Amino acid sequence: MAKDYTPLWQSLGLDLHKHEGLLTVLSEAYQNIYLSQKNRPEGMKYFDFVISEVHGLRIEELYDGKQQGKKVIGTFCVYVPEELVLAVDGVYVGLCAGADVGSEEAERFIPRNTCALIKAFMGFKLSGLCPYVEMTDLIVGETTCDGKKKAYEIFDEITKKMYVMEIPNMKNASDKELWEKEVIKFKEKLEAFTGKEITLENLKKAAITVNQKRKALQRLAALRGHDPVPISGLDALLVNQISFYDDPIRFTQKVNELCDELEERVRKGEGVFPKGTPRILISGSPFAIPNWKLHAIVESSGAVVVGEESCVGARNFRELTDESFSSVQKGIENIAARYLTIDCACFTPNRERPEHIMEMKEALKAQGVIHYSLQFCTPYMMEAFKIEKQANFPFLRIETDYSMEDFGQLKTRVEAFLETLR
Ligand code: BJ8
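Quick look at the structure, then.

Definitions and limits used
- Residues numbered from 1 in each chain as written.
- Predicted model: local features only at pLDDT ≥ 70, side-chain atom pairs only at ≥ 80, totals over all residues.
- Heavy atoms only, no water.
- Helix = DSSP H or I, 4+ residues; strand = E, 2+ residues; numbered from the N terminus.
- Rg over C-alpha atoms; globule rule 2.2 N^0.38 Å.
- Buried < 20%, exposed > 50% of the residue type's maximum accessible area, 1.4 Å probe, protein only.
- Near = heavy atom within 4 Å.
- Nonpolar A, V, L, I, M, F, W, Y, C, P; charged D, E, K, R; others polar.
- Pairing = 2+ DSSP bridges.
- Axes fitted to C-alpha atoms, helices over the stretch in contact; angles between N-to-C directions.
- Right-handed = clockwise from strand over helix to strand, strands pointing away.
- Contact = heavy atoms within 4.5 Å.
- Salt bridge = Lys/Arg side-chain N within 4 Å of Asp/Glu carboxyl O.
- Parallel < 35°, antiparallel > 145°, perpendicular 65-115°, else oblique.
- Expected span 1.5 Å × (residues − 1).
- Arc of directions from axis to C-beta.

As a further point, take the overall build of the protein chain. A tally of regular secondary structure across the protein chain gives 19 helices and 8 strands. For 422 residues, the compact-globule estimate of 2.2 N^0.38 gives 22 Å, and the C-alpha radius of gyration of the protein chain, at 21 Å, lies within 12% of that figure. Once the C-alpha set of the protein chain is aligned to its principal axes, its extents read approximately 60 × 50 × 45 Å. Considering the protein chain as a whole, with its 422 residues, one finds that 58% of them fall into the buried category.

Here we come to the site of the ligand. Not every one of the 15 residues close to the ligand is listed here, only the nearest: Cys77, Cys115, Cys145, Cys311 and Cys344. Its residues assigned to classes, the shell around the ligand shows 13 nonpolar, 1 polar and 1 charged.

A word on the sheet that holds strand E3 (residues 138–142). A sheet is described by the order of its strands in space; here 4 strands give the open sequence E2-E1-E3-E4, paired in parallel fashion. The open sheet is flanked by strand E2 (91–94) and strand E4 (162–165), the only strands paired with a single partner. If you compare each strand with its neighbour and ignore which way they point, the axes differ by 30 degrees on average. Here 4 bridges tie strand E1 (residues 72–75) to E2, and the two strands are oriented parallel to one another. Bridging from a neighbouring strand, Thr75 pairs with Gly94 of E2.

Another aspect to go through is the pairing of E3. Counting buried residues along E3, 5 of its 5 residues qualify, which places the element largely inside the surrounding structure. Of the two faces of E3, the one lined by Leu138, Val140 and Glu142 and the one lined by Ile139 and Gly141 are each fully buried. Pairing of E1 with E3, which is carried by 3 bridges, proceeds in the parallel orientation. Bridge assignment links Gly74 to a residue of E3, and that residue is Ile139. Between the parallel pair E3 and E4, the chain is carried across by helix H9 (residues 146–159), and the sense of this crossover is right-handed.

On to the sheet that holds strand E5 (residues 279–284). As summarised here, the arrangement of the 4 strands in space is E6-E5-E7-E8, forming an open sheet in which the pairing is parallel. Where the open sheet ends on each side, the last strands, each with one partner, are strand E6 (304–309) and strand E8 (395–400). Adjacent strand axes in the sheet meet at a mean angle of 25 degrees, parallel and antiparallel pairs treated alike. Where E5 lies against strand E7 (residues 368–374), 5 bridges are found, and the strand directions are parallel. Bridging from a neighbouring strand, Ile282 pairs with Ile370 of E7. Where helix H17 (residues 352–363) meets the sheet, it contacts E5, E6 and E7, and its direction lies at approximately 160 degrees from that of E5.

All told, the structure shown has 40 salt bridges when counted by the stated rule. Among the salt bridges present, the one from Lys148 reaches Glu142, with a minimum N-O distance of 3.5 Å. With relative accessibility at 10%, the residue Lys148 sits in the buried group. Across the pair Arg267 and Glu264 runs a salt bridge, and its minimum N-O distance is 2.9 Å. Placement of the pair is Arg267 and Glu264 together in helix H13 (residues 248–268), with a separation of 3 residues, close to one helical turn. Judged by its relative accessible area of 62%, Arg267 falls in the exposed class. Sharing partners across several salt bridges, the network here consists of Glu309, Arg315, Arg318, Asp343, Arg353 and Glu383.

The subject of this paragraph is the packing of helix H7 (residues 116–126) against H9. Packing of H7 against H9 leaves a shortest axis separation of 10 Å and a crossing angle of 5 degrees. Judged by the inter-axis angle, H7 sits roughly parallel to H9. Side by side, H7 and H9 meet where Leu117, Ile118, Phe121, Met122, Lys125 and Leu126 of the first sit next to Gly147, Lys148, Ala151, Tyr152, Ile154, Phe155, Ile158 and Thr159 of the second. Looking at the contact of H7 with H9 residue by residue, the class counts come to 10 nonpolar, 2 polar and 2 charged.

For the α-helix, the turn length of 3.6 residues means that residues three or four positions removed from each other point alike. End to end, H13 covers 30 Å across 21 residues, agreeing with the expected 30 Å (1.5 Å per residue, within 8%). Restricting attention to buried positions, one finds in H13 the residues Pro248, Phe251, Thr252, Val255, Leu258, Cys259, Leu262 and Arg265. When H13 is viewed along its axis, its buried side chains cluster within an angular range of 130 degrees and face the same direction. More than 90 degrees from the buried face of H13, the exposed residues found are Ile249, Arg267 and Lys268. The inward-facing, buried residues of H13 abut helix H3 (44–52), helix H5 (82–87), helix H11 (200–223) and helix H12 (233–242). Where H13 ends, the next residue or the one after it, Gly269, has phi of about 75 degrees, a positive value.

Locating Leu95 in the fold gives a position in the loop between E2 and helix H6 (103–106). Sequence separation between Leu95 and Lys268 is 173 residues; the distance between their C-alpha atoms is 39 Å. Beyond its immediate stretch of four places on either side in the chain, Leu95 contacts Gly74, Thr75, Phe76, Phe121, Tyr132, Val133, Thr136 and Ile139.

In C-alpha coordinates, the structure reads:
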(Lines give C-alpha, C1' and ligand atoms only; values in the text may rest on other atoms or scores of the structure.)
Protein backbone atom coordinates (compact mmCIF):
# COMPACT_ATOMS: atom_id res chain seq x y z
CA MET A 1 0.00 0.00 0.00
CA ALA A 2 1.17 3.50 -0.83
CA LYS A 3 0.96 4.74 2.76
CA ASP A 4 0.13 3.77 6.29
CA TYR A 5 -3.65 3.83 6.74
CA THR A 6 -3.56 2.62 10.35
CA PRO A 7 -5.04 5.85 11.80
CA LEU A 8 -7.95 5.64 9.33
CA TRP A 9 -8.62 1.97 10.15
CA GLN A 10 -8.34 2.76 13.85
CA SER A 11 -10.88 5.56 13.53
CA LEU A 12 -13.26 3.05 11.89
CA GLY A 13 -12.91 0.68 14.83
CA LEU A 14 -11.28 -2.16 12.87
CA ASP A 15 -9.48 -4.90 14.74
CA LEU A 16 -6.00 -3.85 13.62
CA HIS A 17 -4.28 -7.10 14.49
CA LYS A 18 -6.77 -9.32 12.68
CA HIS A 19 -6.94 -6.85 9.82
CA GLU A 20 -3.21 -7.02 9.28
CA GLY A 21 -3.47 -10.81 9.17
CA LEU A 22 -6.29 -10.59 6.61
CA LEU A 23 -4.32 -8.26 4.33
CA THR A 24 -1.30 -10.57 4.49
CA VAL A 25 -3.37 -13.61 3.53
CA LEU A 26 -5.10 -11.72 0.72
CA SER A 27 -1.88 -10.36 -0.65
CA GLU A 28 -0.36 -13.86 -0.71
CA ALA A 29 -3.44 -15.29 -2.42
CA TYR A 30 -3.33 -12.49 -4.99
CA GLN A 31 0.34 -13.12 -5.70
CA ASN A 32 -0.27 -16.85 -6.15
CA ILE A 33 -3.47 -16.68 -8.16
CA TYR A 34 -3.22 -13.43 -10.10
CA LEU A 35 0.34 -12.25 -10.39
CA SER A 36 1.57 -15.71 -11.36
CA GLN A 37 -0.57 -15.66 -14.54
CA LYS A 38 1.34 -15.35 -17.81
CA ASN A 39 0.70 -12.94 -20.63
CA ARG A 40 -1.61 -10.60 -18.74
CA PRO A 41 -2.78 -7.41 -20.48
CA GLU A 42 -0.95 -4.23 -19.44
CA GLY A 43 -4.36 -2.73 -18.66
CA MET A 44 -4.73 -5.10 -15.70
CA LYS A 45 -2.10 -3.04 -13.85
CA TYR A 46 -4.77 -0.55 -12.88
CA PHE A 47 -6.96 -3.31 -11.42
CA ASP A 48 -3.96 -4.80 -9.58
CA PHE A 49 -3.43 -1.37 -8.09
CA VAL A 50 -7.09 -1.10 -7.04
CA ILE A 51 -6.84 -4.45 -5.27
CA SER A 52 -3.62 -3.47 -3.54
CA GLU A 53 -5.43 -0.36 -2.24
CA VAL A 54 -8.89 -1.85 -1.72
CA HIS A 55 -8.72 -1.22 2.03
CA GLY A 56 -6.46 1.81 1.61
CA LEU A 57 -6.79 4.49 -1.03
CA ARG A 58 -10.44 3.64 -1.90
CA ILE A 59 -11.42 3.87 1.78
CA GLU A 60 -9.61 7.19 2.00
CA GLU A 61 -11.53 8.39 -1.06
CA LEU A 62 -14.80 7.41 0.61
CA TYR A 63 -13.69 9.21 3.76
CA ASP A 64 -12.82 12.36 1.79
CA GLY A 65 -16.14 12.17 -0.05
CA LYS A 66 -17.97 12.01 3.26
CA GLN A 67 -16.13 15.12 4.45
CA GLN A 68 -17.57 16.88 1.40
CA GLY A 69 -21.09 15.78 2.31
CA LYS A 70 -21.43 12.65 0.17
CA LYS A 71 -23.26 9.66 1.65
CA VAL A 72 -21.92 6.15 1.23
CA ILE A 73 -24.65 3.64 0.43
CA GLY A 74 -23.82 -0.06 0.87
CA THR A 75 -25.71 -2.79 -1.00
CA PHE A 76 -25.75 -6.58 -1.34
CA CYS A 77 -27.69 -7.10 -4.53
CA VAL A 78 -27.77 -5.97 -8.15
CA TYR A 79 -31.47 -5.16 -7.66
CA VAL A 80 -30.69 -1.96 -5.76
CA PRO A 81 -30.82 0.85 -8.36
CA GLU A 82 -27.39 2.46 -8.57
CA GLU A 83 -28.80 5.32 -10.65
CA LEU A 84 -30.76 6.69 -7.69
CA VAL A 85 -27.70 6.62 -5.42
CA LEU A 86 -25.62 8.53 -7.98
CA ALA A 87 -28.46 10.99 -8.57
CA VAL A 88 -28.21 12.15 -4.93
CA ASP A 89 -24.43 12.38 -5.35
CA GLY A 90 -23.97 9.29 -3.20
CA VAL A 91 -21.32 6.59 -3.44
CA TYR A 92 -22.58 3.08 -4.20
CA VAL A 93 -20.52 0.21 -2.77
CA GLY A 94 -21.08 -3.54 -2.78
CA LEU A 95 -20.77 -5.16 0.64
CA CYS A 96 -20.93 -8.85 -0.29
CA ALA A 97 -17.89 -10.73 0.92
CA GLY A 98 -16.21 -13.69 -0.71
CA ALA A 99 -13.83 -15.06 1.91
CA ASP A 100 -14.21 -17.54 4.74
CA VAL A 101 -13.76 -14.96 7.48
CA GLY A 102 -15.50 -14.61 10.83
CA SER A 103 -17.69 -17.72 10.46
CA GLU A 104 -17.50 -18.45 14.18
CA GLU A 105 -18.60 -14.93 15.07
CA ALA A 106 -21.39 -15.08 12.45
CA GLU A 107 -22.62 -18.42 13.79
CA ARG A 108 -23.41 -16.76 17.12
CA PHE A 109 -26.19 -14.93 15.23
CA ILE A 110 -27.18 -17.13 12.29
CA PRO A 111 -27.37 -20.89 11.70
CA ARG A 112 -24.39 -22.88 10.54
CA ASN A 113 -26.18 -23.98 7.41
CA THR A 114 -26.36 -20.47 5.96
CA CYS A 115 -24.72 -19.69 2.62
CA ALA A 116 -21.11 -18.53 2.72
CA LEU A 117 -21.93 -15.11 1.25
CA ILE A 118 -24.26 -14.19 4.11
CA LYS A 119 -21.97 -15.71 6.73
CA ALA A 120 -19.05 -13.74 5.30
CA PHE A 121 -20.68 -10.30 5.32
CA MET A 122 -21.83 -10.91 8.87
CA GLY A 123 -18.44 -12.37 9.79
CA PHE A 124 -16.44 -9.47 8.33
CA LYS A 125 -18.49 -6.95 10.29
CA LEU A 126 -18.50 -8.91 13.55
CA SER A 127 -14.74 -9.47 13.34
CA GLY A 128 -14.04 -5.77 12.78
CA LEU A 129 -12.53 -6.42 9.35
CA CYS A 130 -14.69 -4.51 6.89
CA PRO A 131 -13.86 -0.82 6.42
CA TYR A 132 -16.63 -0.56 3.79
CA VAL A 133 -19.41 -1.47 6.24
CA GLU A 134 -17.95 1.02 8.72
CA MET A 135 -17.87 3.73 6.03
CA THR A 136 -21.50 3.31 5.03
CA ASP A 137 -24.15 5.79 6.08
CA LEU A 138 -26.98 3.56 4.90
CA ILE A 139 -27.07 -0.14 4.03
CA VAL A 140 -29.72 -1.23 1.57
CA GLY A 141 -30.97 -4.80 1.66
CA GLU A 142 -33.66 -6.51 -0.38
CA THR A 143 -36.19 -9.27 0.06
CA THR A 144 -34.59 -11.81 -2.27
CA CYS A 145 -33.65 -15.14 -0.69
CA ASP A 146 -34.86 -16.13 2.80
CA GLY A 147 -31.33 -16.18 4.18
CA LYS A 148 -30.68 -12.57 3.27
CA LYS A 149 -34.08 -11.32 4.40
CA LYS A 150 -33.66 -12.75 7.88
CA ALA A 151 -29.97 -11.87 8.10
CA TYR A 152 -30.82 -8.21 7.41
CA GLU A 153 -33.03 -8.12 10.52
CA ILE A 154 -30.01 -9.20 12.57
CA PHE A 155 -27.62 -6.98 10.64
CA ASP A 156 -29.86 -4.02 11.45
CA GLU A 157 -29.61 -4.79 15.16
CA ILE A 158 -25.84 -4.82 14.79
CA THR A 159 -25.32 -1.83 12.48
CA LYS A 160 -28.52 0.24 12.92
CA LYS A 161 -28.17 1.28 9.29
CA MET A 162 -30.44 -1.04 7.31
CA TYR A 163 -33.11 -0.07 4.83
CA VAL A 164 -34.79 -2.97 3.01
CA MET A 165 -36.43 -2.81 -0.42
CA GLU A 166 -39.22 -5.26 -1.14
CA ILE A 167 -38.44 -7.29 -4.25
CA PRO A 168 -41.40 -9.24 -5.59
CA ASN A 169 -41.06 -12.99 -6.20
CA MET A 170 -42.87 -12.93 -9.54
CA LYS A 171 -43.03 -10.63 -12.55
CA ASN A 172 -46.77 -10.20 -13.12
CA ALA A 173 -48.46 -6.79 -13.59
CA SER A 174 -49.17 -6.47 -9.84
CA ASP A 175 -45.53 -7.33 -9.04
CA LYS A 176 -44.32 -4.67 -11.47
CA GLU A 177 -46.57 -2.16 -9.78
CA LEU A 178 -45.27 -3.12 -6.35
CA TRP A 179 -41.68 -2.88 -7.55
CA GLU A 180 -42.18 0.54 -9.13
CA LYS A 181 -43.63 1.78 -5.83
CA GLU A 182 -40.59 0.36 -4.02
CA VAL A 183 -38.29 2.26 -6.37
CA ILE A 184 -40.24 5.47 -5.68
CA LYS A 185 -40.00 4.80 -1.92
CA PHE A 186 -36.26 4.29 -2.26
CA LYS A 187 -35.95 7.57 -4.18
CA GLU A 188 -37.84 9.35 -1.38
CA LYS A 189 -35.73 7.65 1.26
CA LEU A 190 -32.52 8.78 -0.45
CA GLU A 191 -33.80 12.33 -0.87
CA ALA A 192 -34.77 12.56 2.79
CA PHE A 193 -31.54 10.91 3.92
CA THR A 194 -29.23 13.11 1.87
CA GLY A 195 -31.30 16.29 1.72
CA LYS A 196 -30.81 16.28 -2.08
CA GLU A 197 -33.64 16.27 -4.57
CA ILE A 198 -33.61 13.90 -7.52
CA THR A 199 -34.15 16.05 -10.58
CA LEU A 200 -34.47 15.19 -14.25
CA GLU A 201 -30.96 16.49 -14.79
CA ASN A 202 -29.17 14.51 -12.05
CA LEU A 203 -31.21 11.35 -12.73
CA LYS A 204 -30.38 11.43 -16.42
CA LYS A 205 -26.71 12.05 -15.71
CA ALA A 206 -26.69 9.09 -13.29
CA ALA A 207 -28.48 6.82 -15.79
CA ILE A 208 -25.91 7.69 -18.46
CA THR A 209 -22.99 7.07 -16.06
CA VAL A 210 -24.29 3.64 -15.02
CA ASN A 211 -25.14 2.69 -18.60
CA GLN A 212 -21.63 3.62 -19.71
CA LYS A 213 -20.21 1.36 -17.03
CA ARG A 214 -22.49 -1.46 -18.21
CA LYS A 215 -21.50 -0.86 -21.85
CA ALA A 216 -17.81 -1.11 -20.95
CA LEU A 217 -18.47 -4.40 -19.14
CA GLN A 218 -20.49 -5.64 -22.14
CA ARG A 219 -17.57 -4.75 -24.39
CA LEU A 220 -15.18 -6.71 -22.18
CA ALA A 221 -17.60 -9.66 -22.10
CA ALA A 222 -17.90 -9.74 -25.90
CA LEU A 223 -14.11 -9.76 -26.33
CA ARG A 224 -13.98 -13.02 -24.39
CA GLY A 225 -15.81 -14.66 -27.31
CA HIS A 226 -12.61 -14.69 -29.39
CA ASP A 227 -10.31 -17.65 -29.75
CA PRO A 228 -7.60 -17.31 -28.60
CA VAL A 229 -9.21 -15.46 -25.74
CA PRO A 230 -7.43 -12.12 -25.08
CA ILE A 231 -7.96 -12.11 -21.29
CA SER A 232 -8.15 -14.83 -18.66
CA GLY A 233 -11.37 -15.59 -16.84
CA LEU A 234 -9.64 -14.72 -13.58
CA ASP A 235 -8.76 -11.23 -14.80
CA ALA A 236 -12.21 -10.61 -16.28
CA LEU A 237 -13.78 -11.78 -13.02
CA LEU A 238 -11.61 -9.35 -11.09
CA VAL A 239 -12.74 -6.42 -13.27
CA ASN A 240 -16.36 -7.41 -12.64
CA GLN A 241 -15.75 -7.65 -8.90
CA ILE A 242 -14.12 -4.21 -8.85
CA SER A 243 -17.14 -2.74 -10.65
CA PHE A 244 -18.93 -2.83 -7.29
CA TYR A 245 -16.30 -0.72 -5.47
CA ASP A 246 -14.61 1.70 -7.78
CA ASP A 247 -15.61 5.19 -8.82
CA PRO A 248 -17.90 4.46 -11.82
CA ILE A 249 -16.48 7.10 -14.19
CA ARG A 250 -12.83 6.19 -13.58
CA PHE A 251 -13.69 2.48 -13.70
CA THR A 252 -15.46 2.83 -17.07
CA GLN A 253 -12.49 4.67 -18.54
CA LYS A 254 -10.06 1.98 -17.33
CA VAL A 255 -12.23 -0.89 -18.62
CA ASN A 256 -12.45 0.81 -22.02
CA GLU A 257 -8.66 1.27 -22.08
CA LEU A 258 -8.28 -2.41 -21.26
CA CYS A 259 -10.72 -3.29 -24.06
CA ASP A 260 -8.72 -1.15 -26.56
CA GLU A 261 -5.69 -3.27 -25.70
CA LEU A 262 -7.67 -6.51 -25.93
CA GLU A 263 -9.01 -5.51 -29.37
CA GLU A 264 -5.44 -5.00 -30.49
CA ARG A 265 -4.58 -8.48 -29.20
CA VAL A 266 -7.52 -9.92 -31.12
CA ARG A 267 -6.36 -8.12 -34.30
CA LYS A 268 -2.94 -9.70 -33.91
CA GLY A 269 -4.42 -13.12 -33.06
CA GLU A 270 -2.79 -13.04 -29.60
CA GLY A 271 -4.32 -14.57 -26.52
CA VAL A 272 -3.61 -15.57 -22.94
CA PHE A 273 -4.07 -19.26 -23.70
CA PRO A 274 -3.39 -21.14 -26.95
CA LYS A 275 -6.08 -21.19 -29.61
CA GLY A 276 -8.37 -24.17 -29.08
CA THR A 277 -8.10 -24.17 -25.26
CA PRO A 278 -11.36 -25.67 -23.87
CA ARG A 279 -13.81 -22.88 -23.06
CA ILE A 280 -16.07 -22.89 -20.02
CA LEU A 281 -19.06 -20.76 -19.08
CA ILE A 282 -19.73 -20.52 -15.34
CA SER A 283 -23.29 -19.97 -14.18
CA GLY A 284 -24.92 -19.54 -10.81
CA SER A 285 -24.43 -17.81 -7.45
CA PRO A 286 -22.40 -14.57 -7.28
CA PHE A 287 -18.60 -14.46 -6.89
CA ALA A 288 -18.05 -11.79 -4.26
CA ILE A 289 -14.47 -10.58 -3.98
CA PRO A 290 -12.06 -12.37 -3.19
CA ASN A 291 -13.80 -15.58 -4.25
CA TRP A 292 -11.52 -16.73 -7.08
CA LYS A 293 -11.54 -20.45 -6.24
CA LEU A 294 -13.50 -21.94 -9.14
CA HIS A 295 -11.85 -19.77 -11.81
CA ALA A 296 -8.43 -20.69 -10.40
CA ILE A 297 -9.33 -24.38 -10.53
CA VAL A 298 -10.60 -24.24 -14.12
CA GLU A 299 -7.72 -22.16 -15.42
CA SER A 300 -5.08 -24.27 -13.70
CA SER A 301 -6.63 -27.38 -15.26
CA GLY A 302 -6.01 -26.45 -18.89
CA ALA A 303 -9.25 -24.59 -19.72
CA VAL A 304 -10.34 -20.96 -19.81
CA VAL A 305 -13.43 -19.34 -18.29
CA VAL A 306 -15.04 -17.21 -21.02
CA GLY A 307 -18.06 -15.86 -19.14
CA GLU A 308 -19.98 -15.63 -15.89
CA GLU A 309 -23.76 -15.99 -15.96
CA SER A 310 -23.81 -14.46 -12.51
CA CYS A 311 -24.55 -11.23 -10.66
CA VAL A 312 -20.81 -10.64 -10.64
CA GLY A 313 -20.97 -10.95 -14.39
CA ALA A 314 -23.65 -10.76 -17.07
CA ARG A 315 -26.63 -10.39 -14.73
CA ASN A 316 -25.16 -7.08 -13.62
CA PHE A 317 -24.69 -5.51 -17.05
CA ARG A 318 -26.86 -7.40 -19.56
CA GLU A 319 -29.60 -4.75 -19.72
CA LEU A 320 -29.24 -0.98 -19.95
CA THR A 321 -31.69 1.55 -18.52
CA ASP A 322 -33.58 3.44 -21.21
CA GLU A 323 -32.01 6.87 -20.63
CA SER A 324 -34.24 8.75 -23.10
CA PHE A 325 -36.72 9.84 -20.40
CA SER A 326 -37.95 13.41 -20.18
CA SER A 327 -39.37 13.46 -16.65
CA VAL A 328 -38.32 12.09 -13.26
CA GLN A 329 -41.45 9.91 -13.19
CA LYS A 330 -40.60 8.35 -16.55
CA GLY A 331 -36.99 7.90 -15.44
CA ILE A 332 -38.16 5.99 -12.36
CA GLU A 333 -40.39 3.81 -14.55
CA ASN A 334 -37.49 3.03 -16.87
CA ILE A 335 -35.20 2.22 -13.96
CA ALA A 336 -37.81 -0.04 -12.34
CA ALA A 337 -38.41 -1.81 -15.66
CA ARG A 338 -34.70 -2.37 -16.26
CA TYR A 339 -34.07 -3.90 -12.84
CA LEU A 340 -37.05 -6.22 -13.11
CA THR A 341 -35.45 -7.88 -16.14
CA ILE A 342 -32.77 -9.40 -13.87
CA ASP A 343 -33.15 -13.18 -13.88
CA CYS A 344 -32.24 -14.02 -10.29
CA ALA A 345 -33.16 -17.53 -9.17
CA CYS A 346 -35.13 -15.95 -6.33
CA PHE A 347 -37.92 -15.37 -8.89
CA THR A 348 -40.55 -17.88 -9.89
CA PRO A 349 -40.92 -18.82 -12.62
CA ASN A 350 -37.51 -17.80 -13.94
CA ARG A 351 -37.71 -18.92 -17.55
CA GLU A 352 -35.30 -16.32 -18.90
CA ARG A 353 -32.28 -17.73 -17.10
CA PRO A 354 -31.88 -20.99 -19.05
CA GLU A 355 -32.34 -18.94 -22.24
CA HIS A 356 -29.61 -16.54 -21.14
CA ILE A 357 -27.25 -19.42 -20.36
CA MET A 358 -27.83 -20.84 -23.82
CA GLU A 359 -27.31 -17.43 -25.48
CA MET A 360 -24.06 -16.88 -23.58
CA LYS A 361 -22.81 -20.37 -24.31
CA GLU A 362 -23.35 -19.80 -28.03
CA ALA A 363 -21.97 -16.25 -28.16
CA LEU A 364 -18.86 -17.16 -26.18
CA LYS A 365 -18.37 -20.51 -27.96
CA ALA A 366 -18.19 -22.34 -24.65
CA GLN A 367 -17.98 -26.12 -24.91
CA GLY A 368 -19.31 -26.73 -21.43
CA VAL A 369 -21.13 -25.06 -18.54
CA ILE A 370 -20.18 -25.38 -14.90
CA HIS A 371 -23.10 -24.55 -12.65
CA TYR A 372 -21.83 -23.22 -9.38
CA SER A 373 -24.04 -22.85 -6.31
CA LEU A 374 -22.92 -21.78 -2.93
CA GLN A 375 -23.86 -24.47 -0.42
CA PHE A 376 -27.23 -23.71 1.21
CA CYS A 377 -28.14 -21.32 -1.61
CA THR A 378 -31.49 -22.97 -2.24
CA PRO A 379 -32.62 -20.82 -5.22
CA TYR A 380 -29.55 -21.60 -7.34
CA MET A 381 -29.17 -25.18 -6.13
CA MET A 382 -32.79 -25.86 -7.13
CA GLU A 383 -32.47 -24.19 -10.53
CA ALA A 384 -29.30 -26.14 -11.25
CA PHE A 385 -31.25 -29.41 -11.38
CA LYS A 386 -33.79 -27.93 -13.74
CA ILE A 387 -31.18 -26.42 -16.03
CA GLU A 388 -29.16 -29.65 -16.03
CA LYS A 389 -32.21 -31.58 -17.25
CA GLN A 390 -32.76 -29.12 -20.11
CA ALA A 391 -29.08 -28.89 -21.06
CA ASN A 392 -28.14 -30.57 -24.32
CA PHE A 393 -24.48 -29.74 -23.76
CA PRO A 394 -21.78 -30.80 -21.28
CA PHE A 395 -22.88 -29.61 -17.85
CA LEU A 396 -21.24 -29.97 -14.45
CA ARG A 397 -23.13 -29.08 -11.30
CA ILE A 398 -21.10 -28.19 -8.24
CA GLU A 399 -21.88 -26.89 -4.78
CA THR A 400 -19.16 -25.34 -2.70
CA ASP A 401 -18.34 -22.62 -0.18
CA TYR A 402 -15.43 -20.28 0.50
CA SER A 403 -13.22 -22.76 2.31
CA MET A 404 -10.26 -24.41 0.55
CA GLU A 405 -11.04 -27.82 2.03
CA ASP A 406 -12.71 -29.11 -1.13
CA PHE A 407 -10.18 -27.54 -3.52
CA GLY A 408 -8.54 -30.88 -4.42
CA GLN A 409 -11.85 -32.69 -4.79
CA LEU A 410 -13.29 -29.94 -7.01
CA LYS A 411 -10.17 -29.88 -9.13
CA THR A 412 -10.49 -33.62 -9.73
CA ARG A 413 -14.14 -33.21 -10.80
CA VAL A 414 -13.35 -30.24 -13.07
CA GLU A 415 -10.43 -32.11 -14.68
CA ALA A 416 -12.65 -35.13 -15.33
CA PHE A 417 -15.28 -32.82 -16.86
CA LEU A 418 -12.68 -31.18 -19.11
CA GLU A 419 -11.56 -34.61 -20.27
CA THR A 420 -15.07 -35.24 -21.58
CA LEU A 421 -14.85 -31.99 -23.61
CA ARG A 422 -11.59 -32.98 -25.21
S1 BJ8 B 1 -29.98 -10.74 -7.81
S2 BJ8 B 1 -28.16 -13.73 -6.87
S3 BJ8 B 1 -27.16 -10.46 -5.81
S4 BJ8 B 1 -30.13 -12.01 -4.50
S5 BJ8 B 1 -25.85 -16.93 -2.63
S6 BJ8 B 1 -27.40 -14.70 -0.38
S7 BJ8 B 1 -29.22 -15.93 -3.24
S8 BJ8 B 1 -28.46 -18.01 -0.48
S9 BJ8 B 1 -26.69 -13.29 -3.56
FE10 BJ8 B 1 -28.02 -12.44 -5.06
FE11 BJ8 B 1 -29.38 -10.28 -5.73
FE12 BJ8 B 1 -30.13 -12.67 -6.64
FE13 BJ8 B 1 -27.94 -11.57 -7.53
FE14 BJ8 B 1 -29.11 -15.94 -1.01
FE15 BJ8 B 1 -27.94 -17.63 -2.64
FE16 BJ8 B 1 -26.64 -16.75 -0.54
FE17 BJ8 B 1 -27.24 -15.14 -2.58
